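# Overview (structure and organization)
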Amino acid sequence: MYRPFVFMKFDIITIFPEIFASWSKESLIARAQKKKLLKIKAHNLRKWAKDRHKTVDDRPFGGGLGMVLKVEPIFKAVQKLKGRSRTPSKRKVILFTPRGKKFNQKMAYKFSKLEQMILICGRYEGVDERVAKHIADEKVSIGDYDLMGGEVAAMIVMETVARLIPGVIGKPQLLKERITKSRGFIEYPQYTRPEVFDPGKGKKKWRAPKVLLSGHHKKIDARRQKLGKVIE
Ligand code: ADE
């Protein structure tokens, strides 16, 4: 049987590659890498710094607080990582910034068709704007709040995209995800044993909804449709 050797390569550019170490070694993300459906590599931006001190940041022009990540090491890093892609049309360079386009499931579907994503994680007070202007294909924000850097944003995007890659979460769209008419799916409240949980003396017991134990699949489905949220 024909099997492509890697479906998606995530190349992360960061000054804190260790942030990704345990995350990428756990659970489904680890299994997907073993199955060669994914490849995740966190690259230390300092590798592309040119001076002895491995400087990747500098003070902002015009003054102001904090430091700014320099354009040059990021430019070199992206050039190098682009050189490894087989199909340039199936690759995207993403810059994480709170000023970017808000990430959602639709974007994740689009990204899941790619072969390579180069993810640039900002830190400090920002990234030289020439990265956004000339290097990144897309600027992405995970929400209207300011993180300390793009690393957590990158993990969120990678998890969301990874689970759309066939084989990563086992049988496609199983159990929890009832496909709706569109390509979206429905997230509904779930319960498991025990049927009745006792939170302690004098407190009312917490019961799982009876209908879920009834074996009445039409009613179960109706409940899930009613309470679920469709993610598209
Ligand atoms: N970097 C800092 N805040 C961010 C956000 N909300 N989304 C993406 N990258 C960020």
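Refer to the preceding data block for the structure.
The sections below set out a description of the structure shown in this document. Source: prediction; values computed, not measured. (Residues numbered from 1 in each chain as written. Predicted model: local features only at pLDDT ≥ 70, side-chain atom pairs only at ≥ 80, totals over all residues. Heavy atoms only, no water.)

Before going further, it helps to spend a moment on the site of the ligand. Taken together, F96, T97, P98, V140, S141, I142, G143, Y145, D146, L147, G149 and A153 form the complete shell of residues around the ligand. Here G143 contributes a backbone N or O atom positioned 3.1 Å from a nitrogen atom of the ligand. Separating a nitrogen atom of the ligand from a backbone N or O atom of Y145 is a distance of 2.8 Å. Those elements that place two or more of their residues in the shell around the ligand are β5 (91–102) and β7 (138–141). Broken down by element, the shell around the ligand gets its largest block of residues, three residues, from β5. Here the shell around the ligand is built from residues that sort into seven nonpolar, four polar and one charged. (Near = heavy atom within 4 Å. Polar contact = N/O pair within 3.5 Å; in protein donor to acceptor, adjacent residues only side chain to side chain. Helix = DSSP H or I, 4+ residues; strand = E, 2+ residues; numbered from the N terminus. Nonpolar A, V, L, I, M, F, W, Y, C, P; charged D, E, K, R; others polar.)

All right, on to the sheet that holds β5 then. The strands that make up a sheet are held in pairs by hydrogen bonds between backbone atoms, and each pair lies either parallel or antiparallel. A sheet is described by the order of its strands in space; here five strands give the open sequence β2-β1-β6-β5-β7, paired in parallel fashion. Pairing within the sheet leaves two strands with one partner each, and these edge strands are β2 (38–44) and β7. Adjacent strand axes in the sheet meet at a mean angle of 30° when their direction is disregarded. For β5 and β7, the ladder comprises five bridges, and the chain directions are parallel. (Pairing = 2+ DSSP bridges. Axes fitted to C-alpha atoms, helices over the stretch in contact; angles between N-to-C directions.)

Our focus in this paragraph is the nonpolar core. Grouped together as the largest cluster of nonpolar side chains are 35 residues, with contacts concentrated most on F10, L38, F111, M117, L119, V157 and M158. Among the elements of the structure, β1 (8–14), α2 (27–34), β2, β5, α4 (105–111), β6 (116–121) and α6 (151–162) are those that each provide at least two residues to this core. It is α6 that provides the largest number of residues to this core, a total of seven residues. What L119 contacts, discounting residues up to four positions off in sequence, is F10, D11, I12, I13, I94, F96, A154 and M158. In this structure, W48, A77, L95 and V127 belong to the second largest nonpolar core, which totals 20 residues. (Core = buried A, V, L, I, M, F, W, Y, C linked by side-chain atoms within 4.5 Å. Buried < 20%, exposed > 50% of the residue type's maximum accessible area, 1.4 Å probe, protein only. Contact = heavy atoms within 4.5 Å.)

In this section: the environment of S24. Topologically, S24 is positioned in helix α1 (residues 21–24). A residue is classified by how much of its surface remains accessible, and S24, at 15% relative accessible area, is buried. Separated by 169 residues in the primary sequence, S24 and R193 place their C-alpha atoms 30 Å from one another. A distance of 3.3 Å separates a polar side-chain atom of S24 from the backbone oxygen of A21.

Before going further, it helps to spend a moment on a nonpolar patch on the surface. Residues Y145, L147, V152 and I156 make up a contiguous nonpolar surface patch of about 340 Å² in total accessible area. Mapping V152 onto the fold places it in helix α6. (Patch = residues over 30% accessible without salt bridge, like charges linked within 9 Å, V, L, I, M, F, W, Y side chains within 5 Å. Areas by Shrake-Rupley, 256 points an atom, 1.4 Å probe, with all protein chains shown as cover. Salt bridge = Lys/Arg side-chain N within 4 Å of Asp/Glu carboxyl O.)

What follows concerns a positive patch on the surface. A cluster of like positive charges, contributed by K36, K39, K41, K47, K80 and R84, occupies part of the molecular surface. Along the chain, the position of R84 falls in the loop between α3 (71–82) and β5. (Lys, Arg positive; Asp, Glu negative; His and termini not counted. Charge placed at Lys NZ, Arg CZ, Asp CG, Glu CD.)

Here Q116 lies in strand β6. When its relative accessible area of 5% is taken as the criterion, Q116 is described as buried. When near neighbours in sequence (up to four residues on either side) are disregarded, Q116 contacts M8, K9, D11, L81, S85, K90, R91 and K92.

Looking now at the pattern of salt bridges. Summed over the entire model, instances satisfying the criterion amount to eight salt bridges. Among the ionic pairs, K50 bridges to E72, the shortest N-O distance being 3.2 Å. Of the two residues, K50 is situated in the loop between β2 and β3 (57–58) and E72 in helix α3; the sequence distance between them amounts to 22 residues. Between R130 and D128 there is a salt bridge, with the nearest N and O atoms lying 2.7 Å from each other. For R130, a relative accessible area of 42% gives the class partly exposed.

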